[in-house]
Structure formats: C-alpha cells, structure tokens
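Single-letter residue listing:
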Amino acid sequence: MMTLCTRSDADLGLPGTHNYLLAGAVPPGPRLAVVGSRAARSDRVGLLDAVIAAAKARGLALVSGGAIGIDAGAHRAALAAELPQLAVLPCGPDRPYPPQHVGLFEAIAGAPGSGLLFCHPPGAETCRAMFASRNAVVVGLARAVLVVEAQARSGSVGTGRLALKKGLPVAAVLGAPGCAELVGGGARALPCEIG
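Quantities reported herein were computed from a predicted structural model and do not represent experimental measurements. (Residues numbered from 1 in each chain as written. Predicted model: local features only at pLDDT ≥ 70, side-chain atom pairs only at ≥ 80, totals over all residues. Heavy atoms only, no water.)

A. Main features of the sheet that holds strand S6 (residues 115-118). Taken in spatial order, the 9 strands make up an open sheet running S1-S2-S6-S5-S4-S3-S7-S8-S9, and their pairing is mixed. A single partner strand is all that each edge strand has here, and the edge strands are strand S1 (4-8) and strand S9 (188-190). On average, each strand axis in the sheet is inclined to that of its neighbour by 25°, with strand direction left out of account. Where strand S8 (residues 170-173) lies against S9, 3 bridges are found, and the strand directions are parallel. Considered in S9, the bridge of Ala-172 is made with Ala-189. (Pairing = 2+ DSSP bridges. Helix = DSSP H or I, 4+ residues; strand = E, 2+ residues; numbered from the N terminus. Axes fitted to C-alpha atoms, helices over the stretch in contact; angles between N-to-C directions.)

The structure is reproduced here in structure tokens:
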C-alpha cells in the first residue's frame, strides 16, 4: 500500500485549483518530458537509454505519463539509471492505468526522489478526456519536451503542440508522421540515432 499525500496546482507550480494525490516525491526541476507512441517501434524504445543518460548528465529529472510504449520505456530507463522521475497518471490511485504497469508504478514510487502523481481521485472511471488533461500536467511540469515517436493523430502530437504553444523547447525524433508535423510546427528535429 502506497502512502499518499495531497498536492495542489499551486504546490506544483501549475495554474489552476486542482488537487492531486502523490505517492513518493516530485523530483525537483528542471524536468524533461519524454513522450511517444504506445505502439512504439523497438528502434525507438532502444533510443531511451541514451536519452535518459543525456538527461542525467544535464541534471534533468524525467516526467512522463506511465503509458504503454515510449512512456514506460523512459520510466524503466530512468529506474535503471537511478534518475529521479515522476509518472503522471490519468487515473486515481485505486485504478492504476494501464493496469499491467502496477509493478512499474510501485518501483517508481519506491525509487529515491521519484513518485506517482494521480490526476484523479479514487473511484474515477478512466475515460478519453483524462489523457489530454494528464498530458497538460506533464507539459506543465516540464522544462522541455521530447517526442520520441508519434503518429499523425495522437496524444503525443497533442502534447508536443501544447508545449510549443506554451513556448517550451520541443524536440522530435525524425521518422514518424507526427514527429514530422511537430518539426514543421517549430520543434527541433533529432536524428534517429541519439547519443
């Protein structure tokens, strides 16, 4: 059983009046958001160790959404590198989403300087709108955003667009339609080999 405490938008430096439940800790900034496709290609997942190593070398913590694919790969790479991180989840603590990541979430909550931020109270049914609001929290907590892989119509593209709109530095790895769209909109293009 995880110990939970309440954090508000004001506590997190976010606009608004929303309250969240936190298991573990919010790593201090600056934080890099790493997001991407749920149906991630293995070569894109293979980039994440280098991404996390580069973030650690620059004194950045990780923030991501705990989803299948790129998010989970980034969280696992951060655990292996002992990089403080925050998983922002689109659910309440009693209904972890995705449910197959319960073990990953427990590892994050138990890692030094790391935690889970639940965007909704216990009992909330997960629905589509929760993912967009979760992505807005990820952007709000980040100093910069990296989109590793994204299809043209995806939450990852939406996250990149929101970050660009807010004036955050955004980078996208070339080779996926959504990433090309973000580069066309002002994101920095990164090659398929990061290191």
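Moving on from the coordinates now.
B. Looking closely at the packing of aromatic side chains. Enumeration over the complete set of coordinates arrives at 1 aromatic pair. Summarising the aromatic geometry, the rings of Tyr-97 and Phe-131 are spaced 5.4 Å apart at their centres and angled 65° between planes, so their arrangement reads as edge-to-face. Taken together, the residues span a long stretch of sequence, with Tyr-97 in the loop between strand S5 (85-89) and helix H5 (102-110) and Phe-131 in helix H6 (residues 128-141) at a distance of 34 residues. Between Arg-38 and the ring centre of Phe-131, over which it is positioned, the NZ or CZ distance is 5.2 Å. (Phe/Tyr/Trp six-rings, centres within 6.5 Å; stacked < 30°, edge-to-face > 60°. Lys NZ or Arg CZ within 6 Å of the ring centre and 35° of its normal.)

C. Fine view of the nonpolar core. Counting residues in hydrophobic clusters, the biggest one holds 28 residues, and the most contacted among them are Val-63, Val-88, Leu-117, Val-137, Leu-141, Val-145 and Val-147. Secondary structure elements with two or more residues in this core: strand S2 (19-24), strand S3 (31-35), S5, H6, strand S7 (144-147), helix H7 (155-165), S8 and helix H8 (177-184). Examining the composition of this core, we find that 4 residues originate from one element, H6, more than from any other. Among residues more than four places away in sequence, those in contact with Val-147 are Val-35, Ser-156, Gly-160, Ala-171, Ala-172, Val-173, Cys-179 and Leu-182. (Core = buried A, V, L, I, M, F, W, Y, C linked by side-chain atoms within 4.5 Å. Buried < 20%, exposed > 50% of the residue type's maximum accessible area, 1.4 Å probe, protein only. Contact = heavy atoms within 4.5 Å.)

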